[in-house]
Amino acid sequence: MTVVLCTWGNTLEGGTEEALTLARQFAAANGAALNWVVIGPAANDAAQIAGQYGVASLDVISDAKLAGFGPDALVASLAQYCEQIKPTTVLFNQSAPARLIAPRLAGRLNVPVVMNTFALAQAGNTLSVTATAFGGDTHVVYQLAAPVKVISVVTTSLVAEAAATATTPARRDIAVDLSAVEERFKVTSAPRAEGPRLEDAEIIVSGGRGLASAANYDALVKPLAEALGGMWGGSRAIVDEGWIDSSRQVGLTGKITRPGLYLAAGISGASQHMAGCSAAKTIVAINKDKDASIYRYARYGIVADCLDVLPELIKAIKA
Ligand SMILES: Cc1cc2nc3c(=O)[nH]c(=O)nc-3n(C[C@H](O)[C@H](O)[C@H](O)COP(=O)(O)OP(=O)(O)OC[C@H]3O[C@@H](n4cnc5c(N)ncnc54)[C@H](O)[C@@H]3O)c2cc1C
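A quick note: this is a predicted structure, and the numbers were derived from the prediction, not measured.

Draft legend 1. Spatial organisation of helix 8 (residues 306-318). Helix length check: helix 8, at 13 residues, gives a terminal C-alpha distance of 18 Å against a target of 18 Å (1.5 Å per residue), a fit within 8%. Tucked inside the fold, the buried residues of helix 8 contact helix 5 (214-227), strand 12 (261-265), strand 13 (282-286) and strand 14 (300-302). The N-cap of helix 8, judged by a side-chain oxygen 2.8 Å from the amide nitrogen of L307 a few residues on, is D305.

Structure (structure tokens):
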């Protein structure tokens, strides 16, 4: 049995260490080796932490066709890697691109795939995979008997934990042939991605429909985020209203964040929103409805009108 975590990019995505932790614990419980296949410059960052997380082999794929991390080249590389190494469990840290690549890799390998996974247990030949379903409203356990499975892991509820004993991973360069691969779809307008990423922010001030207007959002959420040295984000409801760009959306179909502080103003706390922020160390909620779902997650809550509270917070922080 071989367990492999698949990663690519210029740097490591948030949640990588949590995914490595789950991969190592699963591999160790089954007496299996943990391989980490990394495509692109992120291999340098991976080399820094692979030993701490008990990786046995750091497998690096480089090819000029992988420079833009196009999905066709990524899927082809990973499929060729799987043909060479023959892993039994192929894991992904469920970033937005992984949502695209994991199912396509499973299709290419003709094996089952489970997305939104947060726990794995092997019993005999059966792998039990626990995943969220219906946008995080419930859990489902899949029992897979196939010899090879692709599993995409949501890391928000996982905690990174280095191995008790560090390893010295072997580094292998894996050759792939991408000469026949042409990206079938070219991105002609990429979403704006200048500056720091919401996924990496230590402080996020987020607004929801409770702010009542884009003007209130601009006047209250953005200045508070700036005063705190953080970033501003929001719920899908206000992205749909056109108040903010979709690159700022937090949640299941937006950004998965894990800040130290997440301040949610006028946000109800729907499970699809919380999927993107429940890993925050501290959630502070401002909602005028004392029964709002957000209070199930918040460490501190202010049951009040956010249009009254936010100006006071801005004043206090500036002072
Ligand atoms: C498949 C799917 C995927 C989804 N993905 C996402 C996602 O990625 N991210 C996301 O956010 N949502 C997502 N949603 C939508 C999600 O279900 C909610 O509809 C959305 O999060 C609600 O946004 P909201 O909390 O801003 O608005 P509302 O649900 O309208 O809540 C507004 C809140 O503000 C409070 N409020 C009103 N006025 C004030 C005031 N003056 N002061 C203080 N509080 C006030 C209200 O009490 C209420 O709790 C998804 C839904 C589906 C079905």
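Okay, back to it.
Draft legend 2. Broad picture of the sheet that holds strand 1 (residues 2-8). Pairing is mixed across the open sheet formed by 9 strands, whose spatial order is 7-6-5-8-4-1-2-3-9. Edge positions in the sheet fall to strand 7 (138-144) and strand 9 (170-173), since each of these pairs with one other strand and no more. Strand-to-strand twist of the sheet, defined as the mean angle between neighbouring strand axes without regard to direction, takes the value 30°. Summarising the sheet, strand 3 (residues 57-61) and strand 9 pair through 4 bridges and their orientation is parallel. In the strand pairing of strand 9, L58 is matched with R171. In the packing of helix 3 (residues 71-85) onto the sheet, the strands contacted are strand 1, strand 2 (33-39), strand 3, strand 4 (89-93) and strand 9, and the crossing angle to strand 2 comes to about 150°.

Draft legend 3. Up close: the UniProt feature "domain: Electron transfer flavoprotein alpha/beta-subunit N-terminal" (unreviewed entry) in the chain. The UniProt feature table records "domain: Electron transfer flavoprotein alpha/beta-subunit N-terminal" (unreviewed entry) at residues 2-187. For residues 2-187, the end-to-end C-alpha separation is 35 Å, with 27% helix and 32% strand making up the annotated structure.

Reading the values: the criteria
- Residues numbered from 1 in each chain as written.
- Predicted model: local features only at pLDDT ≥ 70, side-chain atom pairs only at ≥ 80, totals over all residues.
- Heavy atoms only, no water.
- Helix = DSSP H or I, 4+ residues; strand = E, 2+ residues; numbered from the N terminus.
- Expected span 1.5 Å × (residues − 1).
- Contact = heavy atoms within 4.5 Å.
- Polar contact = N/O pair within 3.5 Å; in protein donor to acceptor, adjacent residues only side chain to side chain.
- Pairing = 2+ DSSP bridges.
- Axes fitted to C-alpha atoms, helices over the stretch in contact; angles between N-to-C directions.
- UniProt positions renumbered as here; feature names shortened; annotations may be inferred.

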